[in-house]
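Okay, here's what each chain looks like letter by letter:
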Amino acid sequence: MSPVFCSSCSKQAMVYHCSGCDTFNVQRIGRIVEKNRSVKFHPGNGPPVGPNCEHCSATHQIGGPMWAEPLHDAGFVQRLLCSVENSADRFNTAQRMVGMLSVASEELPDCPMFYCLDKLSSVVRVNCPPLLAVRSAILHAGYQVSLSHTCKTAVKTDAPPHVIWDIMRGWAKQNPVNPNRLSSDAVASTILGKEAGIEANFTIRADANPASRQKGLKRFQENPPNWGPKARAGRGEEAQEDRRRRLQGKRQQEQLDLKQFPCKRFKQGQCEYGDDCRYSHNLGEETNSTSSNSEQEKE
């Protein structure tokens, strides 16, 4: 094989993704071994997981190959960030560009995958922990952590999966889960049923809050003011508020109009609604209406 091909394989990886708890493990396709000023390329060792997930006992799914090297050129990102800041008047979206580039410059370069806090919370059926609390817990455990430009609830870290689940167990211990929610969820019960290997410390650290977040930069795409699903389209071009105002009290008016008709069940002694009946219980009105109808027929 050519050195170029071998080098490319060492920069790509396969992903073992758990179908139960969404835990992922990255396996490089190739590896580079340097010895005595010589460089050799070898196939990757693996697989990094067993037949079933060690956290929830579910099966794995394999995906890839994917790029496993840094996603950004740090030097290029910094030069581009400086260029945008110095010529902010040229772009209508300069603030968002600065925010996005700042997040990209803060990302860990050797972590191709990330965790979403709302997804982790959904797996173990607990309320989503604050971003700073989770970042602080990872830093207290001795690992690195950063944000991701792809999602505002995402964290990149070099902490192994078992540390992440230990942190979620610690959060679930401080915020107990409703037992009824765990009874029918085997994945959450299995994960929370195991003893934590570390004691999660959620004390907020100063370095847990990145500079882009402290400055309040517009780091992610904002939805337009009228973004989102609207009311179902109606007939014509009548506005929803005008239609609601026009139809207000229509049902009550219909019920009042039914009072001019006699109740057949009341006449048979079978009406159970009493005064709440929508029809008239005045038999005199029925006699008058019947006589007036007969006179009109004679004429």
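Above: the structure in question.
Cut-offs applied
- For every chain, the first residue of the written sequence is number 1, and numbering continues from 1 along that sequence.
- Since the coordinates come from a predicted model, pLDDT governs what is reported: local features require at least 70, and pairs of side-chain atoms require 80 or more to be given and counted, while whole-chain, interface and lining totals use all residues.
- Excluding hydrogens and water, the side-chain figures rest on all heavy atoms present in the structure.
- Here, a salt bridge means any Lys or Arg side-chain nitrogen found within 4 Å of an Asp or Glu carboxyl oxygen.
- To qualify as a helix, a DSSP run of H or I must reach at least 4 residues; to qualify as a strand, a run of E must reach at least 2; elements of each kind are numbered from the N terminus.
- Any residue under 20% of the maximum accessible area for its type is buried, any over 50% is exposed, and the rest in between are partly exposed; the area is computed with a 1.4 Å probe on protein chains only.
- A pair of strands is considered paired only if DSSP assigns at least 2 bridges between the two.
- For helices, the fitted axis covers only the stretch in contact; all axes are lines through C-alpha atoms, and the angles between them, taken along N-to-C directions, range from 0 to 180 degrees.
- Distance thresholds for patches are 9 Å for like charges and 5 Å for nonpolar side chains (Val, Leu, Ile, Met, Phe, Trp, Tyr), applied to residues having over 30% relative accessible area and no salt bridge.
- The protein chains shown are the only cover counted for residues, whose accessible areas, like all others here, come from Shrake-Rupley with a 1.4 Å probe.
- Any two residues whose heavy atoms approach within 4.5 Å at even a single point are treated as in contact.
- Within 3.5 Å is the distance limit for a polar contact, defined as a pair of N or O atoms, with the added protein rule that one can donate a hydrogen and the other accept it, and that residues adjacent in sequence qualify only through two side-chain atoms.
- Any angle from 65 to 115 degrees is called roughly perpendicular, while one under 35 is roughly parallel, one over 145 is roughly antiparallel, and all others are oblique.
- Handedness of a crossing is defined here by the sense of rotation of the near helix relative to the far one, left-handed for an anticlockwise turn of less than a right angle and right-handed for a clockwise turn.
- Each residue gets one of three labels, nonpolar for Ala, Val, Leu, Ile, Met, Phe, Trp, Tyr, Cys and Pro, charged for Asp, Glu, Lys and Arg, and polar for the others, Gly among them.
- Here, expected helix span is obtained from the residue count minus one, scaled by 1.5 Å.
- Throughout, the arc means that of the directions going from the helix axis to the C-beta atoms.

Asker: Now, about the pattern of salt bridges: what can you tell me, with residues and values included?
Answerer: It is possible for side chains of opposite charge to pair when their charged atoms get near one another. Counted according to the given criterion, the structure contains five salt bridges. Lys156 is paired through a salt bridge with Glu107; the nearest N and O atoms lie 2.9 Å apart. Highlighted residues: Lys156 in strand E8 (residues 151-157) and Glu107 in the loop between helix H3 (94-106) and strand E6 (115-116), separated in sequence by 49 residues. Accessibility assignment for this pair places Lys156 and Glu107 in one class, buried. In this structure, Asp207 and Arg205 form a salt bridge, with 2.8 Å as the shortest nitrogen-oxygen distance.

Asker: Residues and numbers for the sheet that holds strand E5 (residues 60-67), please.
Answerer: Overall, antiparallel pairing links the three strands, which are arranged E2-E1-E5 in an open sheet. Two strands in the sheet have a free side with no partner beyond their single neighbour: strand E2 (24-28) and E5. With strand direction ignored, the average angle separating the axes of adjacent strands in the sheet is 25°. Bridge count between strand E1 (residues 12-18) and E2: five bridges; the pairing is antiparallel. For Ala13, the partnering residue across the bridge sits in E2 and is Arg28.

Asker: I'd like a rundown of the pairing of E8, residues and numbers included.
Answerer: Pairing of E6 with E8 involves two bridges; the strand directions are antiparallel. Opposite Cys116, over in E8, you have Ala154 as the bridge partner. With four bridges joining them, strand E7 (residues 145-148) and E8 adopt antiparallel strand pairing. Each bridged residue has a counterpart across the sheet, and for Val145 the counterpart in E8 is Thr157. Between the end of E7 and the start of E8, which pair antiparallel, lie two residues.

Asker: How would you summarise a nonpolar patch on the surface if you had to cite specific residues and measurements?
Answerer: A cluster of nonpolar side chains, namely Ile32, Val39 and Phe41, defines an oily patch on the protein surface of about 240 Å² accessible area. As for its placement among the helices and strands, Phe41 is situated in strand E4 (residues 38-43).

Asker: Quick rundown of the environment of Thr23? Include the residues and the values.
Answerer: Among the structural elements, Thr23 can be located in the loop between E1 and E2. Taking relative accessible area as the criterion, Thr23 reaches 3% and is therefore assigned buried. Put simply, Thr23 and His60 are 37 residues apart on the chain and 9.1 Å apart in space, counted from C-alpha to C-alpha. Leave out the neighbours within four places in its chain, and Thr23 touches Tyr16, His17, Cys18, His55, Pro161 and Trp165. Polar side-chain contacts of Thr23 include one of 2.9 Å to the side chain of Trp165.

Asker: Can you explain the packing of helix H4 (residues 117-124) against helix H6 (residues 161-174)? Please cite residues and give values.
Answerer: The N-to-C vectors of H4 and H6 enclose an angle of 65°; their axes lie 11 Å apart at closest approach. As summarised for this structure, H4 and H6 are arranged roughly perpendicular, according to the angle between their axes. When the axes of H4 and H6 are compared, the crossing they make is right-handed. Contacts between H4 and H6 involve Leu120, Ser121, Val123 and Val124 from the former and Ile164, Trp165 and Met168 from the latter. In the contact of H4 with H6, the residues fall into six nonpolar, one polar and no charged.

Asker: Account for unusual backbone geometry, with residues named and values stated.
Answerer: With an omega of 0°, the peptide bond between Gly64 and Pro65 qualifies as cis. For Pro65, the location among the structural elements is in strand E5. The phi dihedral of Asp22 is positive, around 70°, even though this residue is not glycine. You can see Asp22 is positioned in the loop between E1 and E2. The backbone of Ser57 shows a phi angle near 70°, a positive value even though the residue is not glycine. Take Ser57: it is sitting in the loop between E4 and E5.

Asker: Can you break down the sheet that holds E8 residue by residue, with the values?
Answerer: Taken in spatial order, the three strands of this open sheet run E6-E8-E7, and their pairing is antiparallel. Of all strands in the sheet, those with a lone pairing partner are E6 and E7, marking the two edges.

Asker: Give me helix H2 (residues 74-86): which residues, what numbers.
Answerer: In an α-helix there are 3.6 residues to a turn, and that puts residues three or four apart on one side. Taking 1.5 Å per residue, 13 residues should reach 18 Å; H2 reaches 19 Å between its end C-alpha atoms and fits that length. Listed as buried for H2 are Val77, Leu81 and Val84. The arc that holds the buried residues of H2, viewed along the axis, is 70°, so those residues lie on one side. For H2, exposure combined with an orientation more than 90 degrees from the buried face picks out Arg79 and Asn86. The inward-facing, buried residues of H2 contact H3. Where H2 begins, one side-chain oxygen reaches toward the backbone nitrogen of Gly75, 3.1 Å away; that side chain belongs to Asp73.

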